[in-house]
There are 6 protein chains.
Amino acid sequence: MKLAELTWPEVDALDRSTVVVIATGSIEQHGAHLPLATDSLLVTSVMEAVEARLSEKILLTPTVWLGASGHHLAFAGSLSASFEGYEDSLIQIVENFHAHGFHKFYIVNGHGGNTEPNGIVCRKLKSRHPEIVIGHSGYFAFLTQATYDAILTGSIKGIRHACEAETSLMMHLHPHLVRLEKRRDDGLEVDPPVPGMVFFFDECTEAGSFGDATHASANKGKVLFDEAVEGLTQALSSLSHGISLQGR
Amino acid sequence: MKLAELTWPEVDALDRSTVVVIATGSIEQHGAHLPLATDSLLVTSVMEAVEARLSEKILLTPTVWLGASGHHLAFAGSLSASFEGYEDSLIQIVENFHAHGFHKFYIVNGHGGNTEPNGIVCRKLKSRHPEIVIGHSGYFAFLTQATYDAILTGSIKGIRHACEAETSLMMHLHPHLVRLEKRRDDGLEVDPPVPGMVFFFDECTEAGSFGDATHASANKGKVLFDEAVEGLTQALSSLSHGISLQGR
Amino acid sequence: MKLAELTWPEVDALDRSTVVVIATGSIEQHGAHLPLATDSLLVTSVMEAVEARLSEKILLTPTVWLGASGHHLAFAGSLSASFEGYEDSLIQIVENFHAHGFHKFYIVNGHGGNTEPNGIVCRKLKSRHPEIVIGHSGYFAFLTQATYDAILTGSIKGIRHACEAETSLMMHLHPHLVRLEKRRDDGLEVDPPVPGMVFFFDECTEAGSFGDATHASANKGKVLFDEAVEGLTQALSSLSHGISLQGR
Amino acid sequence: MKLAELTWPEVDALDRSTVVVIATGSIEQHGAHLPLATDSLLVTSVMEAVEARLSEKILLTPTVWLGASGHHLAFAGSLSASFEGYEDSLIQIVENFHAHGFHKFYIVNGHGGNTEPNGIVCRKLKSRHPEIVIGHSGYFAFLTQATYDAILTGSIKGIRHACEAETSLMMHLHPHLVRLEKRRDDGLEVDPPVPGMVFFFDECTEAGSFGDATHASANKGKVLFDEAVEGLTQALSSLSHGISLQGR
Amino acid sequence: MKLAELTWPEVDALDRSTVVVIATGSIEQHGAHLPLATDSLLVTSVMEAVEARLSEKILLTPTVWLGASGHHLAFAGSLSASFEGYEDSLIQIVENFHAHGFHKFYIVNGHGGNTEPNGIVCRKLKSRHPEIVIGHSGYFAFLTQATYDAILTGSIKGIRHACEAETSLMMHLHPHLVRLEKRRDDGLEVDPPVPGMVFFFDECTEAGSFGDATHASANKGKVLFDEAVEGLTQALSSLSHGISLQGR
Amino acid sequence: MKLAELTWPEVDALDRSTVVVIATGSIEQHGAHLPLATDSLLVTSVMEAVEARLSEKILLTPTVWLGASGHHLAFAGSLSASFEGYEDSLIQIVENFHAHGFHKFYIVNGHGGNTEPNGIVCRKLKSRHPEIVIGHSGYFAFLTQATYDAILTGSIKGIRHACEAETSLMMHLHPHLVRLEKRRDDGLEVDPPVPGMVFFFDECTEAGSFGDATHASANKGKVLFDEAVEGLTQALSSLSHGISLQGR
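Caption draft 1: A look at the overall build of chain A. Across its full length, chain A holds 8 helices and 4 strands. In sequence order, the secondary structure elements of chain A are arranged as α-β-α-β-α-β-α-β-α-α-α-α. For chain A, the C-alpha radius of gyration of 18 Å lies close to 18 Å, the compact-globule estimate for 248 residues. With respect to the principal axes defined by its C-alpha atoms, chain A has extents near 50 × 40 × 35 Å. For chain A, long-range pairs separated by at least 24 residues make up 76% of all intrachain contacts whose partners lie at least 6 apart in sequence. For chain A, the accessible surface area stands at approximately 8000 Å², while carbon and sulfur atoms represent 52% of it. Each charge sign in chain A was given a centre, from 18 positive and 30 negative side chains, and these centres are 4 Å apart.

Okay, here's the thing in structure tokens:
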């Protein structure tokens, strides 16, 4: 179910083992060919498809569209929450639902920059409310290397930023928002010789994109989308039924 | 223009006197007949209509849908930001745009509970950046008493919460989300004998609504909607052209 | 009773339905004719008169004299709390009294800039302690338009800042602190064409005052003072006896 | 000069080497014989006497009456700021004056519990604004052991809390607020065998007072008062003229 | 060089391109056979060995031993910083060095729970000081799967918590602190069927350890240690010489 | 016992009346002759000696080496926590142990700049957990004036900063870290004519040291060390057995 469309008595009537799912995205530059809302749009599309399959088992909130995007702020139009404000938003949402009696939560992320704060949010909430079940993952965590290898034809076999994979997803899901003619192959290597260096996007890309966007296609996007939807559907279904730490 | 759909070079090409407009809503109970997202939906609809008229003059962000709704949390499904987190979100958005070179900002609100923090946000930002032009108002501030008196047939001649006016707006804009048969006339007096008392909704209404929702109609909603859109269009147009403190 | 003058066993002996009243003011510029403490002095005088009438029913704290006055800081001598610090002060006071067993609270304000944070303070406290009864209002909220219209002879029929009304109150209550010869008629219009714009005082007044201070008189001040005292006396008496949300 | 009574143009006309002096007190239990405001009343009286002697050299703010009194909260009517809020208030006041062009600051304290946060406030401000001259001290730091030994007849030769010295000061300055018949000799030893233990008042005194209040007299109070006023007058006069770290 | 042992003129004489290295550990349960300081001891030993090789190129701070260990707090003796406090400590250290003129920073981590906040620290610092070069990594990130596969004989081919690898490192570096007879093979599977679930250690292990500690040996520890030291030496040497985002 | 070396079951087996002792130091300039870690080294040495005598009665944490040293930051290599971060670290440590069932705490300080925040930490903790027993003191508080007078031959009969006393302690405990030839007699008077002025070290000493370091000797250091160890041993032993507010 979609929270936004329900009335309060309808929420009140729900089984409290329903999994509350929060999608997190961003408004940040995605090169010259993709719109600022790309991450928010993709994670929303994925989760709406999952919700359509699992509507009795999950309760989907609106997408948190203001992400942790400080590394993109050199590009016009990019927005970023503070880490504190971003974390607080998610914490409030979960704690509100906890007060309403829910105890299963999952954060589905569409923007790499949110991964660290999403993890910290889960840990803070677990410390305060040890009885809750909570986890987080990117929708892209459900895309497999096998699929990347099988379908991507550019040099990068994975998902980066405004790259072949992400552009393909947008061409499948929101084709009218893709400036096809603005796509370009940046051919950027993004791993520096020292692991864990923190670079901002304006330090390493002039256009704001990584990878070979000209290789993107709606068909490739459909394959990626379907895999993400399928993976998340299975994961959230498991979570709905109750997971255990088997063998422990 | 809608920020979400633009690319960063397109934002970068904008005239920096464009007015950045942020709509603020809520996810909170609206009685048994209106969905939780009512405030967010209404302010978004209003602002999209204004944007359609002023697309060269304003830059509209996505709606901040997590509002300051602590007074509704006793009703299932209601969410509330902390005041700190809510204020921080708006401050970050404005400061990001300020860093991108913009200097005119207007916050359009769809939820009464956001009015005080919206005011404080503007004052904090003005203290830090005295050169910016900033203001805030509810879309409902553009509805006139004359119109309320002329069209509302229930006992309350104004806009409250899930009332005749708000229900009418939803029937005009999002009819499929109104549970018509759940509407009821609460007939509640909401002014206590001492001014300024702070009551929470569960203290004064069982259903979560005020006023005479059965009097609502799509036609009334259209009148209210058009007046709000017209008023905001004029105000934002003025702001775009530059306002002065005339006569001072 | 005045808290400052009591001993702890005397407070301990009080009926816990006594209304704790906190007056809030400011230290901020009030033009060239009124002292920086004007708001604090006025609200203190009003509340001391109310306390004299209701001494068994209310417990009056010292006046919180450091208000939210960021919009006046361009004028020498003006002070402003941070919003966070200001709110925290009020919250601590209420929570201390709550720990002492009191549960009725009312904040009486003497400075318009405190209105928004006073409201937020009440809402935060109500969220944490739903059982308390709390409200806030300016002393000026008890002044009626009828009175303004009847006695004010300048162009502004209301209370602004260092204006005819405020100057009159000071001439009635603290005449030795009014620099009569420095009064001036600013004749400023303060409503911009767009509602809700946030201006700082140095943007719209050179002297720091609004309105026609030369029209002020001690007699007018007495009328305004008596009306505020009478209104607050009735309101706090009602609160002391217990208010209900009648008809709900 | 007293800030509260000045207008902004009068402050603006001041020599910026004027020393801004902030007095800090408390509202906290002082046994059954002294009022809750004792600390605030005493430091205010001392500073008003100093200001009368040095009116051209210092600018005295209103007394910060909400102190750090968590250790007294078990006694009804006692109030305490949070440490954060207390520090923030002082920091804002100093930073406001710094923005107005002043650069010499001195905090005069009337409540032992404020000593630590006053020190931290000075250090935080000095870190942010290395060019300012700032210090803090209790008015009681100007009372000498020689005087205590010469005039106090009870068992404690110093100033504690609601003790012979403090009661004497109140009998000299605010005799109508002293409940003479409620004074008692607590005869409490307050030093535990391990240095630095932090005890709260309800752990070690039933009445809230230390020492031999029945020995107090207005005459003793006058001696103590005069010594504090004289010491502070000299110190602030030195500060006004400029101090150096001689011999360094 | 080791910061702790230098005098300030010696630090002042350093080349400002020296890499400031901060090691981060924890005090948290490591099963019944390893001491609470295990993570801090290991990362310190690794970094001291690296410092011995690169003493002219890096400046090593004392180890930050209070980590983000909320997930271990159910076990006696475990300590955890708040995320805010932990991040603040690292931020202050880097900003202090930045004020001293240094601009290259690397955080070497010994505790998995610190990885997310270390990343956020780097991003916050980079946002405030875009000109700095900063990165972070676990010492364990320099251990290769090939090595794990070659030397580990238990069921887990990697490093977990108080496992074969970590116990081996302790047996090599701090043998007197290993309670050999308390080692046990927990045989725990730690991956739940849903990715990204956040579990606390008391939810999934009674003893606090994962893996097959009885397989541990000092020889295995030496191999792992040498690989980590070698990897970090190369990485920090590269960083000292200056890294670029080649090919971009 | 030393916390760092224990396993969690060993901590779990402890008597909960064991006194948890936290040592606090700094990394800050100590003139040209002493290392930056001087304060941390000294307090650690003192406490390790005390722990050796009282190992069954106290549980010693690692030394908190990042102190409140903002007043030294003008000298290269000096580090300082924020006050907030410093306080938070200590509060977390105590609250973690409180959750583990311990209730007696003592903070032993090696750096004067930590004294105020250590006091505030104790008061905050006592407010939150009134049942705990907590105190704080510098190791130097156990050094007596009689001893200073008897053994110090320089002009300052007490402990200052990188002075005769502190240098002597280092020569006794860590002779290899003392640059003997860099010692110098600064002959600085450190008390300004106005009490309580807050000066930073770069305002009053070029070298960073106070006093007559050339008078220092290992023998003097041994006397001071033994007195501190003896005093703390007695104090912590008393605390372990239970102190009362006798005679009250």
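Here the narrative resumes.
Caption draft 2: Spotlight on the sheet that holds strand β2 (residues 58-60) of chain F. All names here are of chain F. The sheet built from 4 strands is open, its strands ordered β2-β1-β3-β4 with parallel pairing. The outermost strands of the open sheet, each flanked by one partner alone, are β2 and β4 (133-138). Neighbour-to-neighbour, the strand axes of this sheet turn through a mean angle of 20°, independent of strand direction. Where strand β1 (residues 19-24) lies against β2, 3 bridges are found, and the strand directions are parallel. Bridge pairing in β2 links V20 to L59.

Caption draft 3: Representation of the relation of the copies chain A and chain E in the model. Overlay of chain A on chain E (RMSD 0.0 Å): rotation 180°, translation along the axis 0.0 Å. In short, the pair behaves as if placed about a two-fold rotation axis. Every residue of chain A has its C-alpha some distance from the rotation axis, and the shortest such distance is that of E116(A), at 2.6 Å. With an isologous cut-off of 70% or more, the 100% of interface residues of chain A that recur at the interface of chain E puts this contact in the isologous class.

Caption draft 4: Up close: the packing of aromatic side chains. Enumeration over the complete set of coordinates arrives at 24 aromatic pairs over all chains. Judged by centre distance (5.6 Å) and plane angle (90°), the rings of F97(C) and F102(C) are edge-to-face. A residue is classified by how much of its surface remains accessible, and F97(C), at 0% relative accessible area, is buried. Measuring from ring centre to ring centre gives 5.1 Å for F201(D) and F210(D), while their planes differ by 40°; the resulting arrangement is tilted. For the pair F201(D) and F210(D), a shared accessibility class is recorded, and that class is buried.

Caption draft 5: Here's a closer look at unusual backbone geometry. Residues and elements named next belong to chain B. Backbone geometry at A162 places phi at a positive 60°, although glycine is not the residue there. Here A162 is to be found in the loop between α5 (145-151) and α6 (164-173). Classification of A162 as buried rests on a relative accessible area of 1%.

Caption draft 6: Molecular detail of the pairing of strand β4 (residues 133-138) of chain C. Residue and element names in this part refer to chain C. Counting buried positions over the 6 residues of β4 gives 5, a clear majority of the element. Where strand β3 (residues 104-109) and β4 come together, 6 bridges link them in parallel fashion. Within the sheet, the bridge partner assigned to N109 lies in β4 and is G138. The parallel pair β3 and β4 is bridged by helix α4 (residues 115-128), and the resulting crossover is right-handed.

Caption draft 7: Representation of the interface of chain A and chain E. Listed by partner, the interface residues are 50 residues for chain A and 50 residues for chain E. Across the chain A to chain E interface the summed buried area is about 4000 Å²; carbon plus sulfur atoms make up 64%. Linking chain A to chain E there are 6 salt bridges. When the shortest N-O distance is used, the salt bridge between E116(A) and R123(E) registers 3.0 Å. Elements with a minimum of two residues in the side of chain A that touches chain E: α3 (83-99), α4 (115-128), β4 (133-138), α7 (201-204) and α8 (218-241) of chain A. Top element by residues in the side of chain A that touches chain E is α4(A). It accounts for 10 residues. Of the residues contributing to the side of chain A that touches chain E, the split by class is 25 nonpolar, 15 polar and 10 charged.

Caption draft 8: The pattern of salt bridges, seen in detail. On inspection of all chains with the given rule, the structure shows 66 salt bridges over all chains. In this structure, K222(D) engages D226(D) in a salt bridge whose closest nitrogen and oxygen atoms are separated by 2.5 Å. In this pair, K222(D) and D226(D) both sit in helix α8 (residues 218-241), 4 residues apart, roughly one turn of the helix. You can call D226(D) partly exposed: its relative accessible area is 31%. Each of E84(A), E87(E) and K124(E) takes part in salt bridges that share partners, so that together they form one network.

Caption draft 9: Region of the structure containing helix α8 (residues 218-241) of chain C. Given a rise of 1.5 Å per residue, 24 residues ought to cover 34 Å, and the 34 Å separating the end C-alpha atoms of α8(C) matches this to within 8%. Two residues or fewer past α8(C), G242(C) is found with a positive phi of approximately 105°.

Caption draft 10: A look at the relation of the copies chain C and chain B. Under the fitted operation, chain C is carried onto chain B by 0.0 Å of movement along the axis and a turn of 180°, and the coordinates agree to an RMSD of 0.0 Å. A shared binding surface is used by both copies, with 100% of the interface residues of chain C retained as interface residues in chain B.

Caption draft 11: Broad picture of the interface of chain C and chain B. Counting residues at the interface gives 50 residues for chain C and 50 residues for chain B. Roughly 4000 Å² is buried in total at the junction of chain C and chain B, and carbon and sulfur atoms are behind 64% of that figure. On inspection of chain C and its partner chain B, the count reaches 16 residue pairs in polar contact (both at pLDDT 80 or more). For the side of chain C that touches chain B, the elements supplying multiple residues, two or more each, are α3 (83-99), α4, β4, α7 (201-204) and α8 of chain C. If you tally residues by element for the side of chain C that touches chain B, the top one is α4(C), at 10 residues. When its residues are assigned to classes, the side of chain C that touches chain B shows 25 nonpolar, 15 polar and 10 charged.

Caption draft 12: Looking closely at the environment of S217(D). Residues and elements named next belong to chain D. Topologically, S217 is positioned in the loop between α7 (201-204) and α8. Residue S217 is classed as partly exposed on the basis of its relative accessible area, which comes to 22%. The residues touching S217, leaving out its near neighbours within four places in the chain, are S168 and M171.

Caption draft 13: Quick peek at the sheet that holds strand β1 (residues 19-24) of chain A. Residues and elements named next belong to chain A. Read from one edge to the other, the open sheet built from 4 strands follows the order β2-β1-β3-β4, with strand pairing classed as parallel. The two strands at the open ends of the sheet, each matched to only one other strand, are β2 (58-60) and β4. Averaged over all pairs of adjacent strands, the angle between their axes in this sheet comes to 20°, without regard to strand direction. Against the sheet, α3 touches β1, β2 and β3 (104-109), its axis set at about 165° to β1.

Rules behind the numbers
- What you see as residue numbers is a count from 1 along each chain, following the sequence as written.
- Written order decides the labels, with chains lettered from A and ligands numbered from 1.
- Only residues with pLDDT of 70 or above have their local features reported here, since the model is predicted, and side-chain atom pairs are shown and tallied only from 80 upward, although totals for entire chains, interfaces and linings are computed over all residues.
- Only hydrogens and water are removed before side-chain values are computed, so all heavy atoms of the structure are retained for them.
- The numbering of helices and of strands both runs from the N terminus, where a helix is a DSSP run of H or I of at least 4 residues and a strand a run of E of at least 2.
- Our radius of gyration looks at C-alpha atoms and nothing else; its globule reference is 2.2 Å times the residue count to the power 0.38.
- Contact between two residues is taken to exist if any of their heavy atoms lie within 4.5 Å; hydrogens are not considered.
- Note on areas: Shrake-Rupley with a 1.4 Å probe; residue coverage comes only from the protein chains shown.
- In this count, Lys and Arg are taken as positive residues and Asp and Glu as negative ones, while His and the chain termini are left out.
- The atom standing in for a charge is NZ when the residue is Lys, CZ when it is Arg, CG when it is Asp and CD when it is Glu.
- By this definition, two strands are paired if DSSP reports at least two bridges between them.
- In this analysis, axes come from line fits to C-alpha atoms, helices being fitted only over the stretch in contact, and the angle between any two N-to-C directions falls in the range 0 to 180 degrees.
- C-alpha atoms of residues with pLDDT of at least 70 in both copies form the basis for the least-squares superposition of the copies.
- Only rings of Phe, Tyr and Trp enter the pairing, Trp through its six-membered ring, and a pair is recorded when the two centres are within 6.5 Å. The plane angle decides the type: under 30 degrees is stacked, over 60 is edge-to-face, the rest tilted.
- Each residue is assigned to one of three classes by its accessible area relative to the maximum for its type, calculated with a 1.4 Å probe on protein chains only: buried under 20%, partly exposed between the two thresholds, exposed over 50%.
- When the strands point away from the viewer and the path from the first strand over the helix to the second turns clockwise, the crossover is right-handed.
- Two parts placed together each lose some accessible area under a 1.4 Å probe, and the buried area is that loss summed for both.
- Salt bridges are defined by distance alone: a side-chain nitrogen of Lys or Arg within 4 Å of a carboxyl oxygen of Asp or Glu.
- Polar here means any residue other than Ala, Val, Leu, Ile, Met, Phe, Trp, Tyr, Cys and Pro, which are nonpolar, and Asp, Glu, Lys and Arg, which are charged; Gly is therefore polar.
- For a helix, the expected span equals 1.5 Å multiplied by the number of residues minus one.
- Pairing of N or O atoms within 3.5 Å defines a polar contact, subject to two protein rules: one partner must be a possible hydrogen donor and the other a possible acceptor, and residues neighboring in sequence count only if both atoms are side-chain atoms.

Everything listed here is a matter of geometry and, on its own, says nothing about what the molecule does.
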